[in-house]
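Single-letter residue listing:
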Amino acid sequence: MKPMLTATPKTQQVKKEIDQLATAALTPEELMQGIVKKLNERMLKYNWAGFYLLENKPGQMAELVLGPYVGAMTPHTRIPLNKGICGAAASTGKTQVVHDVKSDPRYLACSIETKSEIVVPVFVHGKVVGELDIDSHFPAAFKPEDQELVEYCARVLGKHLETFRR
Ligand code: SME
């Protein structure tokens, strides 16, 4: 695939490492764990990285449930779709980039150290099934190349989920 205009040598390299994880992973759980660990280790401003998975139980409101993550414990283990930056990403199906979490009234605080956040939906056959959430202790940490990298990771998981058979 042709590198995106926004990619940097660093993000290109990390994407290759993500591809290797996807090839080796036997389950979506293993791939999600690998992706959050990799992003947290390789991208120095990615201080918290985690997946939320959409839970759709008949007769109940859909909610996001915390999946594999790396970083501080969060009180937000379940998030309704009308709450938070996480709810916004899942309900609109659009990436949310927040350069200053303090100025966004939707923001649900996880750590007082968090200054900026990106949340990217994960799609399976065109439907949102979850999302990848990254928090940074640095303001405006998520540049176009970061968005491109995190969206790449979400696509890799979506493809894995589409082909995975238990
Ligand atoms: N900040 C998110 C909540 C999740 S924690 O950051 C891990 C939000 O506003 O939806």
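Residues numbered from 1 in each chain as written. Predicted model: local features only at pLDDT ≥ 70, side-chain atom pairs only at ≥ 80, totals over all residues. Heavy atoms only, no water.

Peer 1: Which residues make up the site of the ligand, and what are the values?
Peer 2: Surrounding the ligand, one finds 13 residues, the nearest of these being Ile85, Cys86, Leu108, Glu117 and Asp135. Contact with the protein chains hides 100% of the accessible area of the ligand, taken as 310 Å² for the molecule alone. In this structure, the ligand is accommodated by the largest cavity. Of all elements in the fold, only strand S1 (48-55), helix H3 (84-92) and strand S6 (127-136) reach the threshold of two or more residues within the shell around the ligand. The dominant element in the shell around the ligand, judged by the number of residues it contributes, is H3, at three residues. Within the shell around the ligand, the residues separate by chemical class into eight nonpolar, two polar and three charged. (Near = heavy atom within 4 Å. Areas by Shrake-Rupley, 256 points an atom, 1.4 Å probe, with all protein chains shown as cover. 1 Å grid on protein atoms, 1.4 Å probe; cavity = no way out; pocket = protein on both sides within 12 Å on 5 of 7 lines; lining within 4 Å. Sits in = over half its atoms within 2 Å of the grid points. Helix = DSSP H or I, 4+ residues; strand = E, 2+ residues; numbered from the N terminus. Nonpolar A, V, L, I, M, F, W, Y, C, P; charged D, E, K, R; others polar.)

Peer 1: Before we move on, can you summarise the nonpolar core with the specific residues and values?
Peer 2: In terms of nonpolar packing, the biggest core is built from 26 residues, with Ile35, Leu39, Tyr46, Phe51, Leu132 and Ile134 touching the most fellow members. When contributions to this core are tallied by element, the ones reaching two or more residues are helix H1 (9-24), helix H2 (28-42), S1, strand S5 (116-124), S6 and helix H4 (144-163). With seven residues, the single largest contributor to this core is H4. Ignoring any residue separated from it by four or fewer positions in sequence, one finds Tyr46 in contact with Leu39, Asn40, Ile134, Asp135, Phe142, Asp146, Leu149 and Val150. Listed in part, the 14 residues of the second largest apolar core include Ile79, Ile85, Cys86 and Val128. (Core = buried A, V, L, I, M, F, W, Y, C linked by side-chain atoms within 4.5 Å. Buried < 20%, exposed > 50% of the residue type's maximum accessible area, 1.4 Å probe, protein only. Contact = heavy atoms within 4.5 Å.)

Peer 1: Run through the pairing of S5, naming residues and quoting values.
Peer 2: Most of S5 sits out of view: eight of its nine residues are buried. Pairing between strand S4 (residues 96-98) and S5: three bridges, direction antiparallel. Bridge pairing in S5 places Gln96 opposite Val119. Between S5 and S6, which pair antiparallel in sequence order, lie two residues; one of them, His125, sits at a positive phi of approximately 50°. (Pairing = 2+ DSSP bridges.)

Peer 1: If you had to explain the sheet that holds strand S3 (residues 78-80) to someone new, which residues and values would you point to?
Peer 2: Taking strand neighbours across the sheet as the criterion, the six strands line up as S3-S2-S1-S6-S5-S4 in an open arrangement whose pairing is antiparallel. Every other strand in the sheet has two partners, leaving S3 and S4 as the edge strands with one partner each. Neighbour-to-neighbour, the strand axes of this sheet turn through a mean angle of 25°, independent of strand direction. Here S1 pairs with S6 via six bridges, running antiparallel. (Axes fitted to C-alpha atoms, helices over the stretch in contact; angles between N-to-C directions.)

Peer 1: Account for unusual backbone geometry, naming residues and giving values.
Peer 2: Among all residues save glycine, negative phi is the norm, and among peptide bonds the norm is trans. Positive phi values are uncommon outside glycine, yet His125 reaches one of about 50°. For His125, the location among the structural elements is in the loop between S5 and S6. The class for His125 is exposed, based on a relative accessible area of 62%. Positive phi, close to 45°, is recorded for Ala140, a residue that is not glycine. For Ala140, a relative accessible area of 26% puts it in the partly exposed group.

Peer 1: Explain empty space enclosed by the protein residue by residue, including any values.
Peer 2: Applying the stated rule across the entire model yields one cavity of 30 Å³ or more. Counted as a void, the largest cavity has a volume near 110 Å³. Contributing to the lining of the largest cavity are 14 residues, with His76, Cys86, Leu108, Glu117 and Asp133 lying nearest its centre. The set of elements that each furnish at least two residues to the lining of the largest cavity consists of S1, H3 and S6. Ranked by the residues each element gives to the lining of the largest cavity, the list is headed by H3, at three residues. Partitioning the lining of the largest cavity into residue classes produces eight nonpolar, three polar and three charged. (Points joined across faces, edges and corners; volume = space filled by probe spheres on them.)

These figures come from the coordinates and say nothing about function on their own.
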